[in-house]
Amino acid sequence: MKYHILMVLTGTLILASCTTTQTVDACSVSLSSNVAAAMRQVEEKLSDGCVYSFDHYVAQLLDTAAENPDSDNKRLFSDFLVRVSDQGLISKRQASSIYNRYFNVKFVALTGEYNNCSQTCPVRRKVLADMQTELLDKELGLVRASQDNASYYRADHLLKETQLVLEATCRACEAGSL
Amino acid sequence: MQANDSNTTWEETMKNPGLIQAICLGILLNACLIDTAGAKPTGPTMRLFPTTVLEDIRETSQVAEEMENNIQNVITRLDLQQQLFTESQCAGADEDPGCERIARQLGSTYLEMLNVMSERLPDMERAVTNTKTSLEKRLRTELGQKSTATSLQDALLGTVAQATSDESPIALRGRSGVRLSDRFKEYYDLVATRQTGNSQSLAVIASDIYLDMDEAARLIAATQEEIARATLMEQLNQSFGQITPEMAAVVSGVKTILFGESVDAPPVASVPFLAGDVPFVSPLEI
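Because the structure is a prediction, the values reported are computed rather than measured.

Asker: Hey, could you run me through the overall build of chain B in this one?
Answerer: Within chain B, the secondary structure is distributed over 8 helices and 0 strands. The order of α-helices and β-strands along chain B, N terminus first, is α-α-α-α-α-α-α-α. Taken over 286 residues, chain B has a buried fraction of 40%. When contacts within chain B are restricted to residue pairs at least 6 apart in sequence, those whose partners lie at least 24 apart make up 84%.

Asker: How should helix α5 (residues 92-103) of chain A be read in this particular structure?
Answerer: In an α-helix, one full turn covers 3.6 residues, which means residues spaced three or four apart are oriented alike. A rise of 1.5 Å per residue sets the reference length of α5(A), with its 12 residues, at 16 Å; its end C-alpha atoms lie 16 Å apart and thus fit the reference within 8%. Within the sequence span of α5(A), burial applies to A95(A), S96(A), I98(A), Y99(A), N100(A), Y102(A) and F103(A).

Asker: Where do I start with the pattern of salt bridges in this structure?
Answerer: It is possible for side chains of opposite charge to pair when their charged atoms get near one another. Inspection of every chain in the model, using the stated rule, returns 23 salt bridges over all chains. For E142(B), the salt bridge goes to R138(B), with nearest N and O atoms at 3.3 Å. You can see E142(B) and its partner R138(B) sitting in helix α4 (residues 97-145), 4 residues apart, about one turn around the helix. Taking relative accessible area as the criterion, R138(B) reaches 19% and is therefore assigned buried. A cluster of three or more residues bridged by salt bridges with shared partners is formed by E167(A), R171(A), K132(B), D214(B) and R218(B).

Asker: What exactly am I supposed to notice about the nonpolar core here?
Answerer: A general trend in soluble globular proteins is that nonpolar side chains are found buried together. Membership of the largest hydrophobic core comes to 75 residues, with the highest contact counts inside it found for L48(B), F49(B), M113(B), M124(B) and I209(B). Going through the elements one at a time, α7 (124-145) and α8 (149-177) of chain A together with α3 (51-87), α4, α5 (149-162), α6 (180-194), α7 (200-240) and α8 (245-259) of chain B are the ones with two or more residues in this core. Residues in contact with L48(B), not counting those within four places in the same chain, are V53(B), L135(B), R138(B), L139(B), E142(B), L143(B), L202(B), A203(B) and A206(B). Within the second largest apolar cluster, 30 residues are counted, among which are V42(A), L46(A), L81(A) and A145(A).

Asker: Which parts of the structure should I look at to understand the packing of aromatic side chains?
Answerer: For any pair of aromatic rings, the description consists of the separation of the ring centres together with the inter-plane angle of the planes. Residues and elements named next belong to chain A. As enumerated under the stated definition, the model contains 4 aromatic pairs over all chains in all. Here F54 and F80 contribute two aromatic rings whose centre-to-centre distance is 6.4 Å and whose plane-to-plane angle is 10°, an arrangement assigned as stacked. With F54 in helix α3 (residues 54-67) and F80 in helix α4 (residues 73-86), the pair connects residues that are 26 residues apart, well separated along the chain. Take F54 and F80: they sit in the same class, and that class is buried. Chaining the aromatic ring pairs together yields one cluster made of F77, Y99 and F103.

Asker: Any chance you could explain the interface of chain B and chain A here in plain terms?
Answerer: Accessible area lost when the parts come together is the quantity often used to give the size of an interface. The partner chain A presents 42 residues to the 41 residues of chain B that form the contact. Counting each side, the surface lost to burial between chain B and chain A is near 3800 Å², with a carbon and sulfur contribution of 67%. By the criterion of area lost to chain A, the three top residues of chain B are Q153(B), L284(B) and I286(B), representing 19% of everything that side buries. Along the contact surface separating chain B from chain A lie 2 salt bridges. In this structure, D214(B) and R171(A) form a salt bridge, with 2.5 Å as the shortest nitrogen-oxygen distance. Across the chain B-chain A interface, the total number found is 18 residue pairs in polar contact (both at pLDDT 80 or more). Within the residue set of the side of chain B that touches chain A, elements represented by two or more residues are α4, α5 and α7 of chain B. Broken down by element, the side of chain B that touches chain A gets its largest block of residues, 10 residues, from α5(B).

Asker: What's the story with the state of the cysteines in this structure? I'm lost.
Answerer: Every disulfide links exactly two cysteines, by a covalent bond between their sulfur atoms. Residues and elements named next belong to chain A. For the structure shown, the criterion picks out 4 disulfides over all chains. Disulfide partner of C117: C173, at an S-S distance of 2.0 Å. Between C117 and C173, the S-S torsion sits near -75°, and that sign places the bridge as left-handed. Here C117 is found in helix α6 (residues 116-120), whereas its partner C173 is found in helix α8, with 56 residues between them in sequence. For C173, a relative accessible area of 10% puts it in the buried group.

Asker: Got a minute to help me understand unusual backbone geometry in this structure?
Answerer: Among all residues except glycine, the phi angle is most often negative; among peptide bonds, the trans geometry is most common. Positive phi is not limited to glycine here, since Q147(A) has a value of about 55°. With respect to the secondary-structure elements, Q147(A) resides in the loop between α7 and α8. We note that Q89(B) has phi near 50°; this positive angle belongs to a residue other than glycine. Mapping Q89(B) onto the fold places it in the loop between α3 and α4.

Asker: What am I meant to see in the side chain of T64(A) here?
Answerer: Residue and element names in this part refer to chain A. Turning to its location among the elements, T64 is positioned in helix α3. Owing to a relative accessible area of 9%, T64 belongs among the buried residues under this scheme. The residues contacting T64, other than those within four sequence positions of it, are L31, S32, S33 and V35.

Asker: I would appreciate a short explanation of the packing of α5(A) against α7(A) in the present structure.
Answerer: Geometry of a packed helix pair, given as the angle between the helix axes and the separation of the axes. Residues and elements named next belong to chain A. The interhelical angle for the contact between α5 and α7, taken along N-to-C directions, is 80°, at an axis separation of 6 Å. By the angle between their axes, α5 is roughly perpendicular relative to α7. Here N100, R101, Y102 and F103 of α5 lie close against α7, whose contacting residues are T133, E134, D137, K138, L140, G141 and L142.

Conventions used here
Residues numbered from 1 in each chain as written. Chains lettered and ligands numbered in written order. Predicted model: local features only at pLDDT ≥ 70, side-chain atom pairs only at ≥ 80, totals over all residues. Heavy atoms only, no water. Helix = DSSP H or I, 4+ residues; strand = E, 2+ residues; numbered from the N terminus. Buried < 20%, exposed > 50% of the residue type's maximum accessible area, 1.4 Å probe, protein only. Contact = heavy atoms within 4.5 Å. Expected span 1.5 Å × (residues − 1). Salt bridge = Lys/Arg side-chain N within 4 Å of Asp/Glu carboxyl O. Core = buried A, V, L, I, M, F, W, Y, C linked by side-chain atoms within 4.5 Å. Phe/Tyr/Trp six-rings, centres within 6.5 Å; stacked < 30°, edge-to-face > 60°. Buried area = accessible area lost by both parts, 1.4 Å probe. Polar contact = N/O pair within 3.5 Å; in protein donor to acceptor, adjacent residues only side chain to side chain. Disulfide = S-S within 2.5 Å. Axes fitted to C-alpha atoms, helices over the stretch in contact; angles between N-to-C directions. Parallel < 35°, antiparallel > 145°, perpendicular 65-115°, else oblique.

Any link to function would need more than the numbers given here.
Below is the structure:
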């Protein structure tokens, strides 16, 4: 009797593990080395309900683009993100954030609608640290994936100028609040 | 006949107020279009350098120049005496009467320098503080209170994108080998000549000058505190004819402030990078 119970439990566990494996396999994908084709593969997966893997797909696509650098990759990513946001798979804000983080000179980390004294200065160090991290992502998107060195250097230059201007501005804000 | 025709047309035109208005509007529109095409895109207007700030910078330059002129001779004499002291191998030769005489002369010149400094520093302090305070106010208002992070980024990026190769590089912090008065003259020229240009680069220049002034104000305050003590110490040393490392350090500090004889960190801002081709513009761009 005990032997039968043990067999049943083992069988259940095996089935459960198979089911889990099937779910993972359903969303994992080996991407083509062609960036446009890889994007189509990802779009199919997203349509099949794998939206939760979106961030992972983007990372995979960026790696693929870095392995196959081309100045057109920037446009391909933009079109891809516009398509998936139009399909409602991700929000427009998310699409914009991803594109700008990797492919634009401007920094997503340096945005805000309130004045600098009240919003930016209190978190200046964090903003600059986030910009520094974002610059690494821009290196991947602009230099390694898109071969757009000029834009990357502009972003680097912008970061340095921002450091200088924020240091002065925030010091002036502090002096005014004393 | 043709002349008559054209006269008739002119007269008809003059009689038609609607047509005149249309022509005037056309001329105005053309003027606007030509102006827009010819003007540099300036982005948000920032009044960082009103006349008062410019005057403060110019005055600081003048005060610095006066101080330099007064102290230059003393510093040169100090350098020569120091050189003589070293070449005569006087270091440690306390008993040598010749060395003692050189040391006393050196100490006396050092006292002279401290006197000039104590006479001139209050003026310098006032000028630097005025420049710092007026710039501080402008920075706080224009960049701190009227700008957001987004608009600041737009303004700064405008500088990098719009700068052309015929523009001189913008101000740099911590430049070595530049006399204080020359630095202020450069600041003044830089700001005065860029008043009509885009306001974006002025944000960097204003920040640059302000941080420099803040540092200078602190250095001047610290130097003033030290001068009284150093004077007393040297008056005592004159009795014994000693050259102290402190003397060398103070002279070196003065030379650094006034004549920029130290090597600093590389400049923060440099020649902007220019993208050659027309870049791809995504609809997703912020």
